[in-house]
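Structural overview for review
Each chain is listed here by its residues.
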Amino acid sequence: MDAFERLRLQEEIAVGREAMLEWYAPFGSSNLIAYLSELRLAPGVRQGFSRLKDAGIKIALVSITWEFAVGWLASELGADYAVGTGWQGDGSIAHFWPEDKANYLNALLAELNLKRDALAAVGDSQGDIPMLNLASRSYFVGGDLPSELSHAKHWHDANIEEIVLDMLA
């Protein structure tokens, strides 16, 4: 996964996703979801999501990973929206790219009749830069804060509950 996350060219990522589908196809997404219960979550994520929900805030999980996995996690955590790369019934892939994250959130803001200043986002990679630049409040939990994110808060320990407390302050 670390090697896959370092890929930058869409062509390389697309080839990697095709290879993953070859591995996954014999099992199907519903069988793969069973393994997600072992997923290690960021510290404070359940508490942070609960605080957001209690405050009436809508939550969207926006990821380039497989939509079936993002949807499962959204359901587990109580997120309102989830989007990711689709594994279609015919075995094809509906690609979702890093730059699609900001487009998705722009469309969601319009659908919800919200202004950009209502958007806060948390990201951990270079691919999150467009999304984090769209948000009025951005939190970067990756190793080194990219120079393109001068307005983002760098949260080294990725404690989601603490980030949510800062968002709500």
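Here we summarise the structure given alongside this text. (Residues numbered from 1 in each chain as written. Predicted model: local features only at pLDDT ≥ 70, side-chain atom pairs only at ≥ 80, totals over all residues. Heavy atoms only, no water.)

1. Considering the nonpolar core
Ranked by internal contacts, the top residues of the largest apolar core, which has 31 residues, are Phe49, Leu61, Trp66, Ala79, Ile160 and Ile163. Among the elements of the structure, helix H2 (10-24), helix H4 (45-54), strand S1 (60-66), helix H5 (67-77) and helix H8 (160-168) are those that each provide at least two residues to this core. If you tally residues by element for this core, the top one is H5, at 7 residues. If you look at the next biggest cluster of nonpolar residues, it comprises 18 residues, including Ala102, Leu109, Phe140 and Leu149. (Core = buried A, V, L, I, M, F, W, Y, C linked by side-chain atoms within 4.5 Å. Buried < 20%, exposed > 50% of the residue type's maximum accessible area, 1.4 Å probe, protein only. Helix = DSSP H or I, 4+ residues; strand = E, 2+ residues; numbered from the N terminus.)

2. A look at the sheet that holds S1
One open sheet accounts for 3 strands, arranged S1-S2-S3; its pairing is mixed. Where the open sheet ends on each side, the last strands, each with one partner, are S1 and strand S3 (93-94). When strand S2 (residues 81-87) meets S3, the two strands line up antiparallel, connected through 2 bridges. The residue of S3 that forms the bridge with Trp87 is Ile93. (Pairing = 2+ DSSP bridges.)

3. Considerations on the side chain of Ser138
Relative to the elements of secondary structure, Ser138 occurs in strand S5 (residues 137-140). Apart from residues no more than four positions distant in its own chain, Ser138 is found in contact with Ala121, Leu132, Asn133, His151, Ala152 and Lys153. (Contact = heavy atoms within 4.5 Å.)

4. Quick word on the environment of Glu38
Topologically, Glu38 is positioned in the loop between helix H3 (29-33) and H4. Along the backbone, Glu38 and Asp90 are 52 residues apart, and their C-alpha atoms lie at a distance of 28 Å.

5. A look at the sheet that holds S5
Reading across from one edge, S4-S5-S6 is the order of the 3 strands in this open sheet, with parallel pairing throughout. Strands at the two margins of the open sheet, each flanked by one partner only, are strand S4 (120-123) and strand S6 (153-154). Direction of pairing for S5 relative to S6: parallel, over a ladder of 2 bridges. Note that in S6 the partner of Tyr139 across the bridge is Lys153. Packing of H8 onto the sheet brings it into contact with S4, S5 and S6, and relative to S5 it is tilted by some 160°. (Axes fitted to C-alpha atoms, helices over the stretch in contact; angles between N-to-C directions.)

6. Some thoughts on helix H6 (residues 98-111)
In this model H6 runs 21 Å from its N-terminal to its C-terminal C-alpha over 14 residues, within 8% of the 20 Å that 1.5 Å per residue would give. Those residues of H6 not exposed but buried are Pro98, Lys101, Ala102, Leu105, Leu108 and Leu109. Burial along H6 is one-sided: seen end-on, the buried residues are contained in an arc of 125°. Exposed residues pointing more than 90 degrees away from the buried face of H6 are listed as Ala110 and Glu111. The first or second residue beyond H6 is Asn113, which carries a positive phi of 55°. (Expected span 1.5 Å × (residues − 1). Arc of directions from axis to C-beta.)

So far we have only geometry, and geometry alone does not tell us how the molecule works.
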